[in-house]
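Spelled out from the first residue to the last, the chains are:
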Amino acid sequence: MIAGATLEGQEFADRLHRTIAAGGPIPVSAYMGQANAHYYAHRDPLGVAGDITTAPEISQMYGELVGLWLADLWHRAGRTDVCYVELGPGRGTLAADALRAMAGAGLRPVVHLVETSPALRDAQRARLANAHWHDDPSTLPDDLALLIVANEFFDALPVRQLVRAPDGWRERLVISDGERFRPVPGPRAAGVPTHLADAPEGSVIETSPASASVAAELGRRLAAQGGAALIVDYGHPRTGIGDTLQAVSRHAFADPWLRPGEVDLTAHVDFEALAAAAAPAQVWGPVEQGRLLEALGVAARAAALARAQPARADEIEGARHRLTAPGQMGRLFKALALTAPGWPEPAGFA
Ligand code: SAH
């Protein structure tokens, strides 16, 4: 067994090796998709004891400000009938904090969660008793405006990788290499953006058909039903060159080609591609997470929390710093907003 592997993880890796031995190399997107489906289905990755810490797990301020951002839009859009939708809600922490803040602003929406992991659905059920669950956005209500949140959701969706070989662009495939896996150039690939077509040999371009398809569904629904979406993730504002597939285990970077299904595999989100896919919704940003939270009043919220709980003042200030400082989450993480045509301009995106 590989050091650090669990039995169910080793069984998953062995199965993947057998699939490749029987059917040949698989696309990077299939490797990432199967690995993450296994990973999320078997564990709660969040928190100190897990692999990753996300913004809603750092402080209640994060979910509260997201909730107030949604409630403000809803007020200015005429307080129409809405439901709250979250994609990949993790432990349900953001939703619980956002719903509490929204209730304070007079908004008590029905809750619809898109979540594939049974383990995380259980965690969400404990926080959000009356929610409804969906495997994908296609079954969300179609008779209500949607207030949608996706925090660190799109980074978990599979990416294709295209690599520039001496004779042109090729799709990257994954082969077995002993106990490890390894990406190699595969068949010729189409779909390279024209402004990147002449990139030097060895360059990697990523596209995420899974992300584009979810963004397209959100855009189509917002245009038809009304509402808005806030998408926050780490990534780049423009489609570019770069292999961003990464693995995290126990809060440290790990090898993405070893122990699939036991490490958190993510890729940077291409906000330009998401925005293009989400037309006909109106697109705002992306803006840096730090700038957005500051515009939404994180300093005042932190000060109010610290006044209410003076013993926790340093911790609250530390959380504000982690969420907003450029060297922490403030700059790498970005927010993209989508609004239905005719809905007002969202706060913080001017
Ligand atoms: N939003 C949470 C959790 C982020 S982790 C937070 O910020 O803390 C990614 C989340 O997306 C998990 O809840 C995971 O189970 C879910 N997820 C991953 N792939 C998914 C898919 N294809 N469909 C639905 N949910 C998915």
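Residues numbered from 1 in each chain as written. Predicted model: local features only at pLDDT ≥ 70, side-chain atom pairs only at ≥ 80, totals over all residues. Heavy atoms only, no water.

Draft legend 1. Representation of the site of the ligand. Contacts to the ligand come from 15 residues, most closely from Thr54, Gly88, Gly90, Glu115 and Asn151. A distance of 2.5 Å separates an oxygen atom of the ligand from a polar atom in the side chain of threonine 54. Between the ligand and asparagine 151 there is a distance of 2.7 Å, counted from a nitrogen atom to a backbone nitrogen or oxygen. Residues that form the shell around the ligand fall into these classes: 7 nonpolar, 6 polar and 2 charged. (Near = heavy atom within 4 Å. Polar contact = N/O pair within 3.5 Å; in protein donor to acceptor, adjacent residues only side chain to side chain. Nonpolar A, V, L, I, M, F, W, Y, C, P; charged D, E, K, R; others polar.)

Draft legend 2. Local environment of helix α1 (residues 7–23). A rise of 1.5 Å per residue sets the reference length of α1, with its 17 residues, at 24 Å; its end C-alpha atoms lie 24 Å apart and thus fit the reference within 8%. Within α1, burial applies to Gly9, Gln10, Phe12, Ala13, Leu16, His17 and Ile20. Looking straight down α1, one finds that the buried residues subtend no more than 160 degrees of arc, so they occupy a single side. Exposed positions of α1 whose direction lies more than 90 degrees from the buried face are Leu7, Arg18, Ala21, Ala22 and Gly23. Considering only its buried residues, α1 is in contact with β1 (26–27), α2 (28–42), β7 (168–177) and β8 (180–188). Positive phi appears at glycine 24, one or two residues downstream of α1, with a value of about 95 degrees. (Helix = DSSP H or I, 4+ residues; strand = E, 2+ residues; numbered from the N terminus. Expected span 1.5 Å × (residues − 1). Buried < 20%, exposed > 50% of the residue type's maximum accessible area, 1.4 Å probe, protein only. Arc of directions from axis to C-beta. Contact = heavy atoms within 4.5 Å.)

Draft legend 3. Geometry of the pairing of strand β6 (residues 160–165). Alignment of β6 against strand β9 (residues 204–207), held across 4 bridges, turns out to be antiparallel. Counterpart to valine 163 in the pairing with β9 is valine 204. Here β6 pairs with β7 via 4 bridges, running antiparallel. Within β7, the residue paired with alanine 165 across the bridge is glycine 168. Connecting β6 to the antiparallel partner β7 that follows it, the hairpin turn spans 2 residues. (Pairing = 2+ DSSP bridges.)

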